[in-house]
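In case you want the letters, here they are:
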Amino acid sequence: MQRAEYFINLERYPIHQPEAAATQQLLATCQAQMKQAGVCVLPGFLSLEGLTDLVNESNQLAPQAFHSAVKGNAYLEEVPGDLPKDHPMRLEDTTALGVLAYDQIPIESGLRKIYQWKPFVDFVGQVIGRGPLHEYACPLGAINVAVMKDGDYLRWHFDQSDFVVSINLQDPKAGGEFEYVRNIRSKTDPCYKEVRELLQGGRKNVEVLDNPPGCLVLFEGRYTIHRVTRIQGDVLRLIALYGYALAPNVTSTDYLRKIRYGRTH
Ligand SMILES: O=C(O)CCC(=O)C(=O)O
Ligand SMILES: [Fe+2]
């Protein structure tokens, strides 16, 4: 049984020593990235042996992932029938992916060890900068591994949560790139024109995230639209997604669980 320390490259990212000058410097750099770009990338966050173990484990579990193909808009909301046909809220696309739920992740998994490790939770919380983080109280959603196979695709969307924490485990042979348009909308302006152009195939301000396996990514997706391009080839795209909340006892609705996991418990 390995502890969280085994899975993380602590020499490069000494988050277990929060008071150390190097850690303070790291934190400042991450906070600045987050503030400027809404995304923070920590390459090589996993140790080599940790990454190898987690890749093996996830590939073994992958056949048990619940696969769904769901059509919808970029807002993850009901499509209103009374708007013009080319309103971005009416532009639909299909997301197809497999998901391993929290209860399918073994108790001994390094993914759980990292997720629950206080120095990790504290560090991520400080980078996000919105107060202490709590484990997401959803028995299915606290940790997910998204399993994407040949032909799978995650359509352009805005997240309904403020931030996502992910660890890329395995890249497919081709495709599977995380694309985003930084702050395409804001709290006060939905910027429908820009969103429409993008959904209709425009490439204005599209950036591609460089997150090779072993990378930790913190991402704010409420105003930054993003997608994962179509997977090509027989190697799975595997990425761990960590759910944290800004308050205790936050969970998800039965409706969302049914769509994502095919079950409510
Ligand atoms: O798979 C990814 O890289 C991103 C997932 C994502 O955008 C989401 O779950 O909302
Ligand atoms: Fe997202």
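Please refer to the structure placed before this passage.
Here is a short report on the structure shown in this document.

We now examine the coordination of the iron ion (ligand 2). Donor atoms from the polypeptide that coordinate the iron ion (ligand 2) comprise H157 (NE2), D159 (OD) and H226 (NE2), at 2.1 Å from the metal. Residue classification places H226 among the buried positions, given a relative accessible area of 3%.

This part takes up the site of ligand 1. Taken together, L154, H157, D159, F178, H226, V228, R237, I239 and L241 are the residues near ligand 1. The separation between an oxygen atom of ligand 1 and a polar side-chain atom of H157 is 3.1 Å. At 3.1 Å from an oxygen atom of ligand 1 is found a side-chain nitrogen or oxygen belonging to H226. Out of a free accessible area of 300 Å², ligand 1 has 86% covered by protein chains. Those elements giving two or more residues to the shell around ligand 1 turn out to be β6 (154-157), β11 (225-228) and β12 (237-242). When the residues that make up the shell around ligand 1 are grouped by side-chain class, the tally is five nonpolar, two polar and two charged.

On to the pattern of salt bridges. A complete count under the given rule lists 14 salt bridges for this structure. D162 is the partner of R222 in a salt bridge, and the nearest nitrogen-oxygen pair spans 2.7 Å. A residue pair is termed long-range when its members are at least 10 positions apart, and R222 in the loop between β10 (216-219) and β11 and D162 in the loop between β6 and β7 (164-170) qualify at 60 residues. A relative accessible area of 28% means that R222 is categorised as partly exposed. What makes D162 partly exposed here is its relative accessible area of 27%. For K193, the salt bridge goes to E197, with nearest N and O atoms at 3.3 Å. Of this pair, K193 and E197 are both found in helix α6 (residues 192-199), four residues apart, which corresponds to roughly one turn of the helix. Residues joined in a network through salt bridges with shared partners are R130, D162, E220 and R222.

This model, assessed by the stated rule, comprises 13 aromatic pairs. Judged by centre distance (5.4 Å) and plane angle (35°), the ring pair of Y75 and F158 falls under tilted. Here Y75, found in the loop between β2 (66-72) and β3 (93-100), pairs with F158, found in the loop between β6 and β7; they are 83 residues apart in sequence, far enough to count as distant. Per residue, the accessibility class of Y75 equals that of F158, and both read buried. Summarising the aromatic geometry, the rings of Y180 and F219 are spaced 6.1 Å apart at their centres and angled 80° between planes, so their arrangement reads as edge-to-face.

This brings us to the environment of C30. Among the structural elements, C30 can be located in helix α2 (residues 21-37). Looking at C30, the relative accessible area reads 3%, which means it is buried. Along the primary structure C30 and L48 are separated by 18 residues, whereas in three dimensions their C-alpha atoms are 22 Å apart. Residue contacts for C30: discarding those within four places in its chain leaves C40, L42, F123 and V127.

Moving on to the pairing of strand β5 (residues 143-148). Within β5, six of the six residues are buried, which leaves the element mostly enclosed by the surrounding structure. Residue alternation in β5 divides its side chains into two sets, I143, V145 and V147 and N144, A146 and M148, and both sets are buried. Where β5 meets β12, six bridges bridge the pair, whose relative direction is antiparallel. Paired with A146 across the strands is I239, a residue of β12.

Moving on, we come to helix α5 (residues 118-128). When α5 is considered as a whole, its buried residues turn out to be F120, V121, F123, V124, G125, V127 and I128. Trailing α5 by a residue or two, G129 shows a phi angle of about 75°, which is positive.

Let us now look at the sheet that holds strand β9 (residues 207-208). The four strands are arranged β6-β11-β8-β9 in an open sheet whose pairing can be described as antiparallel. Only two strands of the sheet have a single neighbouring strand rather than two, namely β6 and β9. The pairing of β6 with β11 spans two bridges and is antiparallel. Of the residues in β11, the one forming a bridge with L154 is V228. Lying over the sheet, α6 contacts β6, β8 (178-181) and β11, oriented at roughly 15° with respect to β11.

Conventions adopted
Residues numbered from 1 in each chain as written. Chains lettered and ligands numbered in written order. Predicted model: local features only at pLDDT ≥ 70, side-chain atom pairs only at ≥ 80, totals over all residues. Heavy atoms only, no water. Donors = N, O, S within 2.8 Å, 3.2 Å for Na, K, Ca; no water. Buried < 20%, exposed > 50% of the residue type's maximum accessible area, 1.4 Å probe, protein only. Near = heavy atom within 4 Å. Polar contact = N/O pair within 3.5 Å; in protein donor to acceptor, adjacent residues only side chain to side chain. Areas by Shrake-Rupley, 256 points an atom, 1.4 Å probe, with all protein chains shown as cover. Helix = DSSP H or I, 4+ residues; strand = E, 2+ residues; numbered from the N terminus. Nonpolar A, V, L, I, M, F, W, Y, C, P; charged D, E, K, R; others polar. Salt bridge = Lys/Arg side-chain N within 4 Å of Asp/Glu carboxyl O. Phe/Tyr/Trp six-rings, centres within 6.5 Å; stacked < 30°, edge-to-face > 60°. Contact = heavy atoms within 4.5 Å. Pairing = 2+ DSSP bridges. Axes fitted to C-alpha atoms, helices over the stretch in contact; angles between N-to-C directions.

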